[in-house]
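Given next are the chains, with one letter for each unit.
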Amino acid sequence: MERKIESSLLAWKNKQDRMPLIVQGARQVGKTHSLLSFGKRHYTNVAYFSMEESQEIPAIFARDLNPERIVRELAAFSGTSILPGDTLIIFDEIQACEPALTSLKYFCEQAPQYHVIAAGSLLGVAMKRTKFSFPVGKVDMLHLYPMDFEEFLWAMGQRELCALIREAYEGFTPLALHETALDWYKTYLVAGGLPRVVREYADTRDFDFVGALQKTLNDSYIADMAKYATPQETTRIMAAWASIPAQLAKENQKFQYRVIKSGARATEYEVALEWLRAAGMIHKCVHVTEGKLPLSVYAQNEAFKVYMVDTGLLCSKFGIAPGVVMHTPHSFDGFKGALAENYICQALAANGITPYYWTSQGKAEVDFVFQDRQGNIIPLEAKSADNVRSKSLRSYREIYEPEYSIRVSAKNFGFENGIKSVPLYAVFCVTV
């Protein structure tokens, strides 16, 4: 399955000042498959090493961090010739071997002729837990998220539909295949973007198989929680993770610790939430008091919403029958609104956008606000198909007079009165 990260990987390969690359992302988002596929397409051979699968590999880094010696011993271990420029070296699950992470500094300084990519799903957690020595300034970084809706459509053989959606977005002209695209969007809500699940749906078109696999993957996420946490912290991490559907289903979606457990306090669960964020399993959307530049200055970090890394996992955890999502009228009421907001946050994050949300004295709320490259603060609001009037968005526009606003809904494309109408299926087009 084609992933957008390949273009970024190719740009990294061709850089004159290329440094070792670290690809981060949650478990099961496709890091290993993407790197192996890239290596096989663009290199003569690939030397792949998982730091979790053999004690001998970490032992190679224990003696010293001389890159030439390490390369010779890795080549002997794998029986693979490792040649500068012709071989892609992959260190997978690098958080399991701190010396391997540190070695990237020396590959950068002493052996830049080797093409090295490291991948880690719990690297952020491990660094916080064990105070890893991170090679600051000596590595390039990329983050891989679940497949976005466009990548999902590619996997379903709908590349031409993607092209039509992008054309409609560029001109904000109605899309003739609007209802077809909405049907695919609802399919994506249920299936999500974890590559194994997408492949399962592409092969079977059966949501029973999809649901069973999603439950298995959720269990594997839970199993990971004990790797870099104490038993007490693991219990709290699991409780915080389990509470997310309830957090999103309530009318006020601001994260409330009492939803985790009656009487729960921030001091008990802040570490658990930070673990989930560092593991790439959640997105935090922080409240801002002003729609002014820069947004980070006006962030209230104690007030935030939490979204899951994948809308399919959220749908699975809601326990919703796929038919309810697929065949009920377009609406943002209740859980469908929560799924849609999670989907939008997921799409924005995949495009490198850091979203916040804005409220005004409890009277108005805009679901997402973000900053574009020109320095504009753009409000984005999600509304139902039957009611796109918004007092909150109007209030925001009157106060801050943004360059333009975005309203995401089940309506077709349009642009009037400074508001861009973006259909739900076209959020992947929103970039900065």
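Scroll up for the structure.
Residues numbered from 1 in each chain as written. Predicted model: local features only at pLDDT ≥ 70, side-chain atom pairs only at ≥ 80, totals over all residues. Heavy atoms only, no water.

K.L.:
Just to check I follow, could you spell out the sheet that holds strand β11 (residues 405-409) for this structure?
P.N.:
What holds strands together in a sheet is hydrogen bonding between their backbones, with the strands either parallel or antiparallel. With mixed pairing, the 8 strands of this open sheet are ordered in space as β7-β6-β8-β9-β10-β11-β13-β12. The strands lining the two open edges of the sheet, one partner per strand, are β7 (299-308) and β12 (414-416). Ignoring strand direction, the axes of neighbouring strands in this sheet form an average angle of 30°. Note: β11 against strand β13 (residues 419-423), 5 bridges, orientation parallel. Paired with S405 across the two strands is I419, which belongs to β13. Against the sheet, helix α12 (residues 231-249) touches β6 (282-288) and β7, its axis set at about 100° to β7. (Pairing = 2+ DSSP bridges. Helix = DSSP H or I, 4+ residues; strand = E, 2+ residues; numbered from the N terminus. Axes fitted to C-alpha atoms, helices over the stretch in contact; angles between N-to-C directions. Contact = heavy atoms within 4.5 Å.)

K.L.:
Where do I start with the pairing of strand β8 (residues 356-360) in this structure?
P.N.:
A regular strand places its side chains so that they alternate between the two faces of the sheet. Across the 5 residues of β8, 4 count as buried, placing the element largely inside the fold. Where β6 and β8 come together, 3 bridges link them in parallel fashion. Within β8, the residue paired with V286 across the bridge is Y356. The hairpin turn running from β8 into strand β9 (residues 364-371), its antiparallel successor, is 3 residues long, and Q361 in that turn takes a positive phi close to 50°. (Buried < 20%, exposed > 50% of the residue type's maximum accessible area, 1.4 Å probe, protein only.)

K.L.:
I'm lost on the pattern of salt bridges in this one. Help?
P.N.:
Pairing between side chains becomes possible if they bear opposite charge and their charged atoms approach one another. All told, the structure shown has 22 salt bridges when counted by the stated rule. Among the salt bridges present, the one from R69 reaches E73, with a minimum N-O distance of 3.0 Å. Here E73 and R69 lie together in helix α4 (residues 67-78), a separation of 4 residues that amounts to about one turn. Residue E73 is classed as partly exposed on the basis of its relative accessible area of 30%. Across the salt bridge formed by E365 and K305, the nearest N and O atoms sit 2.6 Å from each other. One end of the pair, E365, is in strand β9; the other, K305, is in strand β7, and 60 residues separate them in sequence. On the accessibility criterion, K305 (1% relative accessible area) is buried. In this structure, a network of salt bridges that share partners links the residues R27, E52, E93, D224 and K227. (Salt bridge = Lys/Arg side-chain N within 4 Å of Asp/Glu carboxyl O.)

K.L.:
In this structure, what is going on with unusual backbone geometry? I would like to understand it.
P.N.:
Excluding glycine, a negative phi dihedral is what most residues carry, and trans is how most peptide bonds are arranged. Put simply, L293 and P294 share a cis peptide bond, and its omega is -10°. Summarising the element assignment, P294 is placed in the loop between β6 and β7. Of note, Q28 is a non-glycine position whose phi angle comes to about 70°, a positive value. With respect to the helices, strands and loops of the structure, Q28 is situated in the loop between β1 (21-24) and α2 (31-42). With relative accessibility at 28%, the residue Q28 sits in the partly exposed group.

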